[in-house]
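Residues per chain, in single letters:
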Amino acid sequence: MPIIDSQVHAYEANTPGRPWHSVPNWPPHVTGDEMVAAMDRVGVDGSIFISAFSLYQYDASYAVEVQRKHPGRFAIIKPVNPADPAVGEVIAEWKKQPGAVAVRIMLTARETGLKPDDPGLDRIAREAARHGFPVNVLFWGNLDAGTALIDRHPGTRFIIDHMAILQPRTPPAPPEPWADLPKVLELARRPNALIKVSGACTLSRKPYPFPDIWDPLARLFDAWGFERCLWGTDWTRAFAVVNYEQAVEPFLKTDRLSESERAMLMGGACAKAYGWSPKRS
């Protein structure tokens, strides 16, 4: 079964032609070609390329360019704007885009300041379901709002970013990195939700290969089931904490996963969730 990374961000350098909205602590550029090279070095067959909100906001034009150049290696997802009254039309147009597999909502208080009952969130959830799209949603640090959104729309499929657990952008991990895990386990009761096991290595308080992540992850796997867990690196957001190889290898080499569990976690569940599988040329 192919290995699919459920979340990566590629981007050009910050230039007047395609300026960044903000300047995070990421490398100065990780182009689509550079991302493919990084994937090739560690045996990742394909990735879900999520247009970086912190850099490009709701403009996914670079993701479209990269997917067009590497159609067998990337599926693409764009954030959509709850404040846009025409967001339904935006989603309808995105559905026509080759390689597009979902839309994304940013539901973190720090990044958007949205209220949990913002009508734009409900509009996105309804329109995405109408067009057969799952909704990726980031609500780390805002679990109650994310849970309420999922509960309001049982007919919409939600894919929860980064285990819904706030992750550090620089080391070290916080003293209690898994403090929100009980709420995440309770979320598993929602049949319309799946969860990305992405960025997990950034939560380790031990050096590579991060042995302390496996006990909390075992609880998450037990609650959600491997068929609803999508492994991912969240590279390059995780760049300052782990490099790409360090985010991949622990999952390939651990003895805490059977071969069938590894295949489902590192590709099978993702392919099913998005209806997309990579094709190497």
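Everything below is about the structure printed above this text.
Summary of the structure given here. Note that the coordinates shown come from a computational prediction; the quantities given were computed from them, not determined experimentally.

1. Points about the overall build of the chain
So, point 1. In terms of helices and strands, the chain carries 10 helices and eight strands.
So, point 2. Here the C-alpha atoms of the chain give a radius of gyration of 17 Å, agreeing with the 19 Å that 2.2 N^0.38 yields for 281 residues.
So, point 3. When the backbone C-alpha atoms are referred to their principal axes, the chain occupies close to 50 × 40 × 35 Å.
So, point 4. Counting every position in the chain, which comprises 281 residues, the buried fraction comes to 58%.
So, point 5. In the chain, 77% of the contacts between residues at least 6 apart in sequence involve partners at least 24 apart.
So, point 6. Of the roughly 11,500 Å² of accessible surface on the chain, a fraction of 54% belongs to carbon and sulfur atoms.
So, point 7. Computed over 32 positive and 32 negative side-chain charges, the separation of the two mean positions in the chain equals 2 Å.

2. Some details on the environment of Ala193
So, point 1. Take Ala193: it is sitting in strand β7 (residues 193–198).
So, point 2. On the accessibility criterion, Ala193 (0% relative accessible area) is buried.
So, point 3. In this structure, the C-alpha to C-alpha distance between Ala193 and Ala109, residues 84 residues apart in sequence, is 21 Å.
So, point 4. Every residue in contact with Ala193, bar those within four places of it in the chain, is listed here: Ile150, Phe158, Ile160, Trp224 and Arg228.

3. Considerations on the packing of helix α4 (residues 87–95) against helix α5 (residues 119–130)
A pair of packed helices can be characterised by two numbers: the angle between their axes and the separation between those axes.
So, point 1. For the pair α4 and α5, the least separation of the axes is 9 Å and the interaxial angle reads 30°. Of the two possible hands of crossing, α4 and α5 adopt the one that is right-handed. Contacts between α4 and α5 involve Val87, Gly88 and Ile91 on the former and, on the latter, Arg123, Ile124, Glu127 and Ala128.
So, point 2. When its residues are assigned to classes, the contact of α4 with α5 shows four nonpolar, one polar and two charged.

Criteria and thresholds
- Residues numbered from 1 in each chain as written.
- Predicted model: local features only at pLDDT ≥ 70, side-chain atom pairs only at ≥ 80, totals over all residues.
- Heavy atoms only, no water.
- Helix = DSSP H or I, 4+ residues; strand = E, 2+ residues; numbered from the N terminus.
- Rg over C-alpha atoms; globule rule 2.2 N^0.38 Å.
- Buried < 20%, exposed > 50% of the residue type's maximum accessible area, 1.4 Å probe, protein only.
- Contact = heavy atoms within 4.5 Å.
- Areas by Shrake-Rupley, 256 points an atom, 1.4 Å probe, with all protein chains shown as cover.
- Lys, Arg positive; Asp, Glu negative; His and termini not counted.
- Charge placed at Lys NZ, Arg CZ, Asp CG, Glu CD.
- Axes fitted to C-alpha atoms, helices over the stretch in contact; angles between N-to-C directions.
- Left-handed = near helix turned anticlockwise from the far one by under 90°.
- Nonpolar A, V, L, I, M, F, W, Y, C, P; charged D, E, K, R; others polar.

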